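# Summary of structural features
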Amino acid sequence: MELTIIGPWGGYPKVNEASAGYLLQHEGYHLLIDCGSGVLAKLQNFIEPEKLDGVIISHYHADHIADIGVLQHARLIQGFLGKKMGNLPIYAHDLNAQEFKVLTYKEVTKGIPYHPGEVLQVGPFSITFQKTNHPVECYAMRFEAGGRSMVYTADTAFKEELVSFAQNANLLLCECNFYGEQNGANAGHMTSFDAGKLASRANVKRLVLTHLPHYGRLEQLEEEAATLFNGPILLAQSGLTLKP
Ligand code: ZN
């Protein structure tokens with residue numbers, strides 16, 4: 001399994017950057033996790049959009065889905081230009097019918113609902129879900145392949161159920177939209193202390209902080225998380241590639 005950070009920013013992308021987007025690859029299968037603003041431009045540093053095999057969406061906030069439309073255009077236009085590719089599956093929950101409908105576009109992309117209580121098999125990945133604490137319906141995801149595991153919290157306030165959900169993961173890609181002494185819970189987000197607590201109690205091997213704030217000194221997030229978690233901690237940045 002190989003994870004490439006496409007966009008680490010919460011809410012909106014920094015200049016020339018991207019909000020939530022992560023490329024997860026295994027055995028030649030290329031899965032894009034979330035597709036926020038700026039993701040399509042950044043993604044092309046690593047893979048042509050027409051080579052994606054699947055997309056999975058945690059929730060319908062703009063910083064996680066803004067570039068779905070341009071991804072559809074890219075595949076439509078490359079198809080006109082003669083590139084051969086299949087109808088791209090976009091996995092998402094269908095609890096917002098209006099948003100879910102938009103995931104299906106001509107013969108270019110097809111929205112496929114996931115059912116949070118069931119294991120979803122996508123290419124080589126077995127994916128399970130955990131509902132998060134966020135103002136809209138949102139799901140954390142656990143990806144298993146080749147005996148390794150990665151957990152992506154998506155957007156959430158700290159939630160006890162995430163501890164067992166992330167248990168012993170090789171990599172925890174954890175949202176960290178607030179500094180330690182701030183209150184993230186009201187906005188449905190975690191602080192650096194929450195991220196450290198989750199990583200520690202879930203006994204994960206490595207913690208990557210993402211969905212980053214646009215202010216402050218980001219290293220402070222790592223320092224604060226490290227007061228609670230003894231393992232390696234990294235700040236997500238575009239182009240960072242890791243093997244969970
Ligand atoms: Zn959100």
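One structure accompanies this document, and this report is about it.

Here is what the cut-offs are and how they apply
Residues numbered from 1 in each chain as written. Predicted model: local features only at pLDDT ≥ 70, side-chain atom pairs only at ≥ 80, totals over all residues. Heavy atoms only, no water. Axes fitted to C-alpha atoms, helices over the stretch in contact; angles between N-to-C directions. Helix = DSSP H or I, 4+ residues; strand = E, 2+ residues; numbered from the N terminus. Parallel < 35°, antiparallel > 145°, perpendicular 65-115°, else oblique. Left-handed = near helix turned anticlockwise from the far one by under 90°. Contact = heavy atoms within 4.5 Å. Donors = N, O, S within 2.8 Å, 3.2 Å for Na, K, Ca; no water. Tetrahedral: all angles 85-135°; square planar, octahedral: opposite > 155°, others 65-115°. Patch = residues over 30% accessible without salt bridge, like charges linked within 9 Å, V, L, I, M, F, W, Y side chains within 5 Å. Areas by Shrake-Rupley, 256 points an atom, 1.4 Å probe, with all protein chains shown as cover. Salt bridge = Lys/Arg side-chain N within 4 Å of Asp/Glu carboxyl O. Pairing = 2+ DSSP bridges. Buried < 20%, exposed > 50% of the residue type's maximum accessible area, 1.4 Å probe, protein only.

## Concerning the packing of helix 6 (residues 192-201) against helix 7 (residues 219-226)
- Put simply, helix 6 and helix 7 touch, their axes get as near as 7 Å, and they point 45 degrees apart. Between helix 6 and helix 7, the crossing angle belongs to the class labelled oblique. Regarding helix 6 and helix 7, the two cross each other, and that crossing is right-handed. Note on element contacts: helix 7 touches helix 6 through Leu221, Glu224 and Ala225, opposite Ser192, Phe193 and Gly196.

## Points about the coordination of the zinc ion
- Within the protein, the zinc ion binds to His59 (NE2), His61 (ND1), His134 (NE2) and Asp155 (OD); these donor distances fall in the range 2.2 to 2.3 Å.
- Viewed at the metal, the 4 donor atoms of the zinc ion are separated by angles of 89 to 170 degrees, and the geometry they form is irregular.
- Written as a sequence motif, the donor residues of the zinc ion are H-x1-H-x72-H-x20-D.

## Digging into a nonpolar patch on the surface
- Taken together, Ile77, Phe80 and Leu81 make up a surface patch of nonpolar side chains, about 380 Å² in accessible area.
- Counting through the fold element by element, Phe80 comes out in helix 3 (residues 68-80).

## Digging into the sheet that holds strand 4 (residues 54-56)
- Spatially, 7 strands are ordered 6-5-4-3-2-1-14 in an open sheet, and the strand pairing comes out mixed. Whereas interior strands pair on both sides, the edge strands pair on one side only; in this sheet they are strand 6 (109-113) and strand 14 (241-242).
- Docked against the sheet, helix 3 engages strand 3 (29-35), strand 4, strand 5 (88-92) and strand 6, running at close to 165 degrees with respect to strand 5.

## Remarks on the pattern of salt bridges
- Per the stated rule, a full pass over the model turns up 7 salt bridges.
- The partner of Lys51 in a salt bridge is Glu48, and the shortest N-O contact between them spans 2.8 Å.
- For Glu48, a relative accessible area of 35% translates into the label partly exposed.
- Between Arg217 and Glu223 there is a salt bridge, and its shortest N-O distance comes to 2.9 Å.
- Since its relative accessible area comes to 42%, Arg217 is described here as partly exposed.
- Given a relative accessible area of 43%, Glu223 falls into the partly exposed group.

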